[in-house]
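Summary of the model geometry
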Amino acid sequence: MKVLAPIGDVQVVQWDVCSSTNALAADHLRQSANSSGAVILAEEQTQGRGRMGRSWTTVRGEDLAMSLAMPVVTPQAAGRMSEDAAVVNMALALDVLDALKATLAAADIDLPLRLKWPNDIVVFAQGTHRKLGGMLIEPQWAGPHLRGWVVGLGLNLHARHMHRPHQGVSLWEATGQTTPLLPLARTIAQRWLQQFATLGKAEPWPANDVLAAYHDALAFLHVPRTYERNGQAFAATLERVHRDGTADFVTPDGIRHRFNSSDIRGVLRDEDAGNQTG
């Protein structure tokens, strides 16, 4: 394990190999009650995880795997963040998107990046998408009390040809340029830390602003698409995401349905070849 330059009073470490950066971040929160937090990076993960129990493969030298262990500072912040966990998730996903756009803009690259409900980062153009990365955000509890947050991120950075279970796209494939890993990780971590500081003391609570920004960043909003639920395919259009993270879909017969992100998944079309079903 290498100790890198801290971000303020938040320690930053990089592992050569670990099971999961999220697991290490959760351990940090359990064992370091008075910590200001930690950013954990890994060259390689052996048990990386995505949403809904899916595995996330991390290839040495090609991917960014990082997690933030962020303790809750005040009871007031813990209360409203636990009540509005989906809003926190949206804000943190927007931070990743903004950090990527800023990094690419500095290199004079314009890439059509969007969020796919609930928190995948995708290259989205002409109604099709390729997955660049994903997040796994896990509140940590001490009995009934919110102890803190573990915010995990996996990004495909440098692969020349993606042959992965999640069949996504790397930033190199999308841009033809190499993006330095550590500066990008620090930029993302700094935005996350600032977000937690803002949400912890924001008055009024900025849920509506976060929701508006999230909708502006969504792929497939108001776009007819094929989805699958309980093994059955159906056509529907994503119309709205609610404050609790559920989303409204309208089927061709005009009926509105409200789903959790674990209820349904998108079905790939031929022109989406190379993407993860999800």
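Criteria and cut-off values
Residues numbered from 1 in each chain as written. Predicted model: local features only at pLDDT ≥ 70, side-chain atom pairs only at ≥ 80, totals over all residues. Heavy atoms only, no water. Axes fitted to C-alpha atoms, helices over the stretch in contact; angles between N-to-C directions. Helix = DSSP H or I, 4+ residues; strand = E, 2+ residues; numbered from the N terminus. Parallel < 35°, antiparallel > 145°, perpendicular 65-115°, else oblique. Left-handed = near helix turned anticlockwise from the far one by under 90°. Contact = heavy atoms within 4.5 Å. Nonpolar A, V, L, I, M, F, W, Y, C, P; charged D, E, K, R; others polar. Pairing = 2+ DSSP bridges. Buried < 20%, exposed > 50% of the residue type's maximum accessible area, 1.4 Å probe, protein only. 1 Å grid on protein atoms, 1.4 Å probe; cavity = no way out; pocket = protein on both sides within 12 Å on 5 of 7 lines; lining within 4 Å. Points joined across faces, edges and corners; volume = space filled by probe spheres on them. pLDDT = per-residue confidence, 0-100. Phe/Tyr/Trp six-rings, centres within 6.5 Å; stacked < 30°, edge-to-face > 60°. Core = buried A, V, L, I, M, F, W, Y, C linked by side-chain atoms within 4.5 Å.

1. Comments concerning the packing of helix H3 (residues 85–106) against helix H6 (residues 207–217)
With their axes 9 Å apart at the nearest point, H3 and H6 run at an angle of 50 degrees to one another. In terms of axis orientation, H3 runs oblique to H6. The hand of the H3/H6 crossing is left-handed. Between H3 and H6, the residues in contact are Val 87, Met 90, Ala 91, Leu 94 and Leu 97 and Ala 207, Val 210, Leu 211, Ala 213, Tyr 214 and Ala 217, respectively. For the contact of H3 with H6, the residue count by class is 11 nonpolar, no polar and no charged.

2. Here we look at the sheet that holds strand E10 (residues 232–241)
Reading across the sheet, the 5 strands line up as E12-E11-E10-E9-E13 and stay open at both edges, with antiparallel pairing between neighbours. Each having just a single partner strand, strand E12 (256–259) and strand E13 (265–266) make up the two edges of the open sheet. Strand direction decides the pairing type here: E10 and strand E11 (residues 247–250), joined by 4 bridges, are antiparallel. Counterpart to Thr 237 in the pairing with E11 is Val 250.

3. Some words on helix H2 (residues 75–83)
Considered for burial, the residues of H2 that qualify are Ala 77, Ala 78, Arg 80 and Met 81. In this structure, the buried side of H2 is in contact with H3, strand E8 (145–156) and helix H5 (181–201).

4. Quick notes on the layout of surface pockets
Taken as a whole, the second largest pocket encloses approximately 400 Å³ of empty space. Taken together, 24 residues make up the lining of the second largest pocket; nearest its centre are Ala 86, Asn 89, Pro 118, Asn 119 and Ser 261. Those elements that provide at least two residues to the lining of the second largest pocket are H3 and strand E7 (128–142). Among the residues forming the lining of the second largest pocket, the class breakdown is 13 nonpolar, 6 polar and 5 charged.

5. Observations regarding the sheet that holds strand E5 (residues 113–116)
Spatially, the 8 strands line up as an open sheet ordered E1-E2-E3-E4-E8-E7-E6-E5, and their pairing is mixed. With one partner strand each, in any of the chains shown, strand E1 (2–7) and E5 form the two edges of the open sheet. This sheet shows a mean twist of 25 degrees between the axes of neighbouring strands, independent of strand direction.

6. Quick word on the pairing of strand E9 (residues 224–229)
Pairing between E9 and E10: 6 bridges, direction antiparallel. Looking across to E10, one finds that Pro 224 is bridged to Thr 237. Counted between consecutive antiparallel strands, the loop separating E9 from E10 contains 2 residues, among which Asn 230 sits at a positive phi close to 55 degrees. Across 2 bridges, the pairing between E9 and E13 is antiparallel. Among the inter-strand pairings, Tyr 227 is bridged to a residue of E13, identified as Gly 266.

7. Brief notes about the confidence of the model for the protein chain
Across the protein chain, the average pLDDT comes to 89, with 90% of residues at 70 or higher. Contacts of residues 269–278 to residues separated by more than four positions or lying in other chains number 30 contacts, the stretch itself having pLDDT below 50.

8. Topic: the packing of H2 against H5
Here H2 crosses H5 at 100 degrees, and the two axes come no closer than 8 Å. As far as their axial angle goes, H5 and H2 are roughly perpendicular. Taking contact as the criterion, the partners of Ala 77, Arg 80 and Met 81 in H2 are, on H5, Phe 196, Leu 199, Gly 200 and Lys 201. Taken together, the residues that form the contact of H2 with H5 break down as 4 nonpolar, 1 polar and 2 charged.

9. Overview of the packing of aromatic side chains
Within this structure, the stated rule accounts for 7 aromatic pairs. Three or more aromatic residues joined by ring pairs form one cluster here, namely Trp 117, Tyr 227, Phe 234, Phe 249 and Phe 259.

10. A look at the nonpolar core
Within the largest apolar cluster, 72 residues are counted, with the highest numbers of intra-cluster contacts made by Leu 64, Met 66, Met 135, Leu 153, Ile 188 and Trp 192. When residues in this core are grouped by element, the largest group, 13 residues, is from H3. Excluding residues that lie within four positions of it along the chain, Ile 188 makes contacts with Leu 64, Met 66, Val 96, Ala 99, Leu 153 and Leu 155. Core analysis: the next-biggest nonpolar cluster, separate from the first, contains 7 residues, Ala 25, Ala 26, Leu 29 and Ile 40 among them.

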